[in-house]
Amino acid sequence: MTAKILDGSATAKQIRAKLAEDVAKIKAERGITPRLSVILVGDDPASVTYTRMKKKACEAAGMISDLIYMPADCTQQQVKDTILQLNADPAVHGIMVQHPVPSHLDELDILSTVAVEKDVDGISALSLGKLVLGTADYTSCTPQGIVTLLETYGIPIKGAEAVVVGRSIILGKPAALALLERHATVTICHSRTQNLADVVRRADILVAAIGKPELIKGDWIKEGAVVVDAGYNKVEGREKDVGDVEFEAASGRASWITPVPGGVGPMTIAMLLSHTLKAAEKYG
Ligand code: NAP
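Keep in mind the model is a prediction, meaning the values are calculated, not measured. (Residues numbered from 1 in each chain as written. Predicted model: local features only at pLDDT ≥ 70, side-chain atom pairs only at ≥ 80, totals over all residues. Heavy atoms only, no water.)

Q: Give me the lowdown on the overall build of the protein chain, citing residues and values where you can.
A: Helices and strands together make up the secondary structure of the protein chain, namely 10 helices and nine strands. For the protein chain, the C-alpha radius of gyration of 19 Å lies close to 19 Å, the compact-globule estimate for 284 residues. Across the 284 residues that make up the protein chain, the buried fraction comes to 51%. Taking all contacts inside the protein chain whose residues are at least 6 apart in sequence as the whole, residues at least 24 apart take part in 71%. (Helix = DSSP H or I, 4+ residues; strand = E, 2+ residues; numbered from the N terminus. Rg over C-alpha atoms; globule rule 2.2 N^0.38 Å. Buried < 20%, exposed > 50% of the residue type's maximum accessible area, 1.4 Å probe, protein only. Contact = heavy atoms within 4.5 Å.)

Structure representation (structure tokens):
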């Protein structure tokens, strides 16, 4: 079997084109311009790139985006005060804090300062609790991007055996919950999982969210499985970034697979924009 591509770039492009139309509509009909404020603490080069990409994407869709830079040595209270000001600003519809924050800061406490109705990344304690209850306004953007991509391609989730490798708060756990919400039978794996290969072999839908280049071997993939690779890894000596799954070998067994890059990444940004528009529509 040769896997077909779950094309995140093309899907995200379509979503963003529709978003631009909806943004124009809310501006014309209600005089609201959806606005996202992104806080970046420190100057981690990857985070600088990601936040600039988010700003550019917002502006291309006709939204306003503020990029708020805070020095790496700022205090917990300074970050929280910035968030509290944005919470109180009616012109701001979405707030996100770029992950990760410097290690002297308590990230969970910071994320949970974001007002739930503006938490377009869906990772405050309240948003995550609501996700468990099935009542969240916004699921974290990367997991939401993953399920949206599967749904766009008509991949059946209900009843499927889904295996998520990785249990981070921004990715693995909410991805598992999003799949569970859609009635998959979900197994979550992590660094202490025994016999990872055997668990992965059961997956009709595999979500790799690890951050270790090609940890998942091609021959672990069940024939006909759907493989979603959220990993994004730089490998010295290799020109292209690689995912967490051996792409070529897995493509020989899977029915569908996401490329890296061009799979999950572009979907994440499209979901952030979509959630910001939703926040403006609902609470603006
Ligand atoms: P993270 O917080 O470091 O979490 C990694 C997870 O992988 C942890 O739960 C860890 O288990 C698990 N893990 C590590 N080694 C393992 C092993 N040998 N076997 C099984 N599980 C193992 O990373 P993250 O923030 O979730 O990101 C994961 C990857 O996704 C990274 O490559 C990141 O760049 C990428 N990412 C992509 C996007 C996007 O938009 N495309 C967005 C976010 C992240 P423990 O919990 O036991 O430590």
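Q: Pulling in residues and values, what's your account of the pattern of salt bridges?
A: Should the charged atoms of two oppositely charged side chains come close, the side chains can pair. For the coordinates displayed, the defined rule picks out 11 salt bridges. Of the charged contacts, one joins D198 and R201 as a salt bridge, the two residues approaching to 3.3 Å between their closest N and O atoms. Exposure remark for D198: the relative accessible area of 46% places this residue in the partly exposed category. Among the ionic pairs, D241 bridges to K234, the shortest N-O distance being 3.1 Å. Classification of K234 as exposed rests on a relative accessible area of 69%. (Salt bridge = Lys/Arg side-chain N within 4 Å of Asp/Glu carboxyl O.)

Q: Which residues make up the site of the ligand, and what values do they have?
A: The environment of the ligand is formed by 23 residues, the closest being R167, S168, S191, Y232 and T268. S191 is positioned such that a nitrogen or oxygen atom in its side chain is 2.5 Å from an oxygen atom of the ligand. The contact in question runs from a nitrogen atom of the ligand to an N or O atom on the side chain of K212, over 3.1 Å. Burial of the ligand by the protein chains amounts to 72% of its free accessible area of 930 Å². Here the shell around the ligand gets three residues from one element, more than from any other, and that element is helix α10 (residues 264-283). Residues that form the shell around the ligand fall into these classes: 10 nonpolar, 10 polar and three charged. (Near = heavy atom within 4 Å. Polar contact = N/O pair within 3.5 Å; in protein donor to acceptor, adjacent residues only side chain to side chain. Areas by Shrake-Rupley, 256 points an atom, 1.4 Å probe, with all protein chains shown as cover. Nonpolar A, V, L, I, M, F, W, Y, C, P; charged D, E, K, R; others polar.)

Q: Pulling in residues and values, what's your account of the sheet that holds strand β1 (residues 4-5)?
A: Taken together, the six strands give an open sheet; going across it, the order is β1-β9-β8-β7-β5-β6, and neighbouring strands pair in parallel fashion. The open sheet has two edge strands, β1 and β6 (185-189), and neither has a second partner. Bridge count between strand β7 (residues 205-208) and strand β8 (residues 226-229): four bridges; the pairing is parallel. Its bridge partner lying in β8, A208 is registered against D229. (Pairing = 2+ DSSP bridges.)

Q: Talk me through the pairing of strand β5 (residues 161-165); I want residue IDs and the actual numbers.
A: Most of β5 is tucked away, with four of its five residues classed as buried. Sheet topology places β5 next to β6; five bridges connect them, and they run parallel. Looking at the pairing, V163 lines up with T187 of β6. Traced from β5 through helix α7 (residues 172-181) to β6, the parallel crossover comes out right-handed. Where β5 meets β7, four bridges bridge the pair, whose relative direction is parallel. Residue pairing in the sheet places V163 in a bridge with L206 of β7. (Right-handed = clockwise from strand over helix to strand, strands pointing away.)

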